[in-house]
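In case you want the letters, here they are:
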Amino acid sequence: MPNLSLFLASTFLASQPAVDQPAPQQVRSQETTEEGPDTIIVEAPPTKLERRRELRKMATKMIRRPRRQLPLGTFFMPICPEVSGVPADFARAMEDRMRRNAKDLGVRVRSSPDCRPNITVLFVPPEAGPPEKWLDYNSDMLRHLLSFQRMWVIDEKGPVRAWNVTALRDSDGAPQKRRAGVPTNTSTEVNIANQVRFVSRLAHNVTMEILGSFILIELGAANGKSVNQLADYATMRTFADTSSVPPGDAVAAQTIITLFQDEDAPEELTEFDRALISKLYSAPRNSLARRVYSNVAGRAVNLEEASNPQEN
């Protein structure tokens, strides 16, 4: 792993030593004076069903859901990350880490270092100003997004801005062929709907392909973060169309997405993070979103139980 200590003295980054994360608290106790001094109230940990519901709710909040009940987006073509704005050795280490994450989580990946990038990670220098100044509704970088998707990006808080460019495909994932007689200004969504081959309550008749992912990170905010942390954060924000956690919001499970707002953020992808990406990519591409959310929650609970067998 590249050593950035000298570089950080003049610009921005430094790796920090790994810190053991505390195990999730299962039993809570508190003092109260309602029944006398030093009364202890012990609350039982949530049942497996309750825990699944908590994690499912977390997944629904973290994954940006397309409108009109469309499927969740995933990459179909192999991913090829490109990192810029930091020293070359640090950038290559991040890219290699993202490729390893992809292989571990079931995401197709191009191993060639000279592949055409479809994931862009850019560290923005201080002279660009605060994140609020980077983009606006009419920015060229956002021109491929729908209006509500642009607002997702513009309204994000903190030192990061991230988005995916997506395209609807047919139920087999093939590019859409425009139907004869359909005006050229007709939306892709309507055009595909006119060519539906089947109707089902168990699956969508279209799929959503991520064509490219972009993430801008304030250079100064990366100070003190390790290669693994930054690469894993970028993994979670680009392999899926996820949002950051609003400042002050509690999360039901640890996640690397809290990297820029939690002083005790994880050192790498967590059990929940791995469950989210792996289940999103192992599900059929036209799966209903609610099915994916349930699969993520179930997998995350199983991983928690496996890592804490003494509590089962």
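Model, not experiment: these values are computed from the prediction. (Residues numbered from 1 in each chain as written. Predicted model: local features only at pLDDT ≥ 70, side-chain atom pairs only at ≥ 80, totals over all residues. Heavy atoms only, no water.)

Caption draft 1: Structural context of the overall build of the protein. Secondary structure summary: the protein contains 8 helices and 6 strands in total. Reading the secondary structure of the protein in the N-to-C direction produces α-β-β-α-β-α-β-α-β-α-β-α-α-α. Sorting the 312 residues of the protein into buried and exposed places 46% on the buried side. For the protein, the share of sequence-separated contacts (at least 6 apart) that also reach a separation of at least 24 residues comes to 72%. Carbon and sulfur atoms form 50% of the exposed surface of the protein, whose accessible area is close to 17,000 Å². (Helix = DSSP H or I, 4+ residues; strand = E, 2+ residues; numbered from the N terminus. Buried < 20%, exposed > 50% of the residue type's maximum accessible area, 1.4 Å probe, protein only. Contact = heavy atoms within 4.5 Å. Areas by Shrake-Rupley, 256 points an atom, 1.4 Å probe, with all protein chains shown as cover.)

Caption draft 2: Region of interest: empty space enclosed by the protein. Counted according to the given criterion, the structure contains 3 cavities of 30 Å³ or more. Of the volumes computed, that of the largest cavity is approximately 90 Å³. In terms of lining, the largest cavity is formed by 13 residues, of which the most central are Arg64, Pro66, Gly73, Thr166 and Asp241. Elements that contribute at least two residues to the lining of the largest cavity include exactly helix H4 (147-154) and strand S6 (206-218). Examining the composition of the lining of the largest cavity, we find that 3 residues originate from one element, H4, more than from any other. A per-class count over the lining of the largest cavity returns 7 nonpolar, 3 polar and 3 charged. (1 Å grid on protein atoms, 1.4 Å probe; cavity = no way out; pocket = protein on both sides within 12 Å on 5 of 7 lines; lining within 4 Å. Points joined across faces, edges and corners; volume = space filled by probe spheres on them. Nonpolar A, V, L, I, M, F, W, Y, C, P; charged D, E, K, R; others polar.)

Caption draft 3: Molecular detail of the pairing of strand S4 (residues 119-124). Where strand S3 (residues 81-84) lies against S4, 4 bridges are found, and the strand directions are parallel. Counterpart to Glu82 in the pairing with S4 is Thr120. With respect to chirality, the unit in which S3 leads through helix H3 (residues 88-105) into the neighbouring parallel S4 is left-handed. Sheet topology places S4 next to S6; 6 bridges connect them, and they run parallel. Bridge assignment links Ile119 to a residue of S6, and that residue is Ser213. (Pairing = 2+ DSSP bridges. Right-handed = clockwise from strand over helix to strand, strands pointing away.)

Caption draft 4: Inspection of the packing of helix H7 (residues 271-282) against helix H8 (residues 289-307) at higher detail. Relative to each other, H7 and H8 sit at 140°, their axes nearing to 8 Å. Taken together, the axes of H7 and H8 lie oblique to each other. For H7 against H8, the interelement crossing comes out right-handed. Where H7 approaches H8, its residues Glu271, Phe272, Ala275, Leu276, Lys279 and Leu280 are matched on the opposing element by Val292, Asn295, Val296, Arg299, Ala300, Leu303, Glu304 and Ser307. By residue class, the composition of the contact of H7 with H8 is 8 nonpolar, 2 polar and 4 charged. (Axes fitted to C-alpha atoms, helices over the stretch in contact; angles between N-to-C directions. Parallel < 35°, antiparallel > 145°, perpendicular 65-115°, else oblique. Left-handed = near helix turned anticlockwise from the far one by under 90°.)

Caption draft 5: Just the side chain of Lys225, in detail. Positionally, Lys225 belongs in the loop between S6 and helix H6 (227-238). Buried and unpaired, Lys225 has Glu267 as its nearest opposite-charge partner, separated by 9.5 Å. Among the polar contacts listed, one links the side chain of Lys225 to the backbone oxygen of Ala221, at a separation of 3.5 Å. (Lys, Arg positive; Asp, Glu negative; His and termini not counted. Salt bridge = Lys/Arg side-chain N within 4 Å of Asp/Glu carboxyl O. Polar contact = N/O pair within 3.5 Å; in protein donor to acceptor, adjacent residues only side chain to side chain.)

Caption draft 6: The side chain of Glu304, seen in detail. Structurally, Glu304 can be placed in helix H8. For Glu304, a relative accessible area of 17% corresponds to the buried category. Side-chain polar atoms of Glu304 contact the side chain of Arg51, separated by 2.7 Å. Among residues more than four places away in sequence, those in contact with Glu304 are Arg51, Leu55, Ala253 and Glu271.

Caption draft 7: Representation of the pattern of salt bridges. Taken as a whole and judged by the stated rule, the model has 12 salt bridges. Close ionic contact of Asp232 with Arg97 constitutes a salt bridge, the shortest N to O distance being 2.8 Å. Taken together, the residues Asp232 in helix H6 and Arg97 in helix H3 connect sequence positions 135 residues apart. Assigned by exposure class, Asp232 and Arg97 land together as buried. Notably, a salt bridge pairs Glu209 with Arg169, separated by 2.9 Å at the nearest N-O pair. Here Glu209 is found in strand S6, whereas its partner Arg169 is found in strand S5 (residues 160-170), with 40 residues between them in sequence. In this pair, the class of Glu209 matches that of Arg169, namely buried.

Caption draft 8: Region of the structure containing the state of the cysteines. Scanning all chains against the criterion turns up 1 disulfide. Note that Cys80 is cross-linked by a disulfide to Cys115, the S-S spacing being 1.9 Å. Measuring the twist about the S-S bond at about 85°, one finds the Cys80-Cys115 disulfide to be right-handed. Of this pair, Cys80 sits in the loop between helix H2 (48-62) and S3 while Cys115 sits in the loop between H3 and S4; the two residues are 35 residues apart in sequence, bridging distant segments of the chain. Like Cys80, the residue Cys115 is buried in the burial classification. (Disulfide = S-S within 2.5 Å.)

Caption draft 9: Main features of the nonpolar core. In this structure, Met94, Val121, Phe123, Phe239, Phe272, Leu276 and Ile277 are the most contacted members of the largest nonpolar core, which totals 60 residues. Every element with two or more residues in this core is listed here: H2, H3, S4, S5, S6, H6, H7 and H8. Examining the composition of this core, we find that 8 residues originate from one element, H8, more than from any other. In this structure, Trp134, Val153, Trp163 and Val165 belong to the second largest nonpolar core, which totals 9 residues. (Core = buried A, V, L, I, M, F, W, Y, C linked by side-chain atoms within 4.5 Å.)

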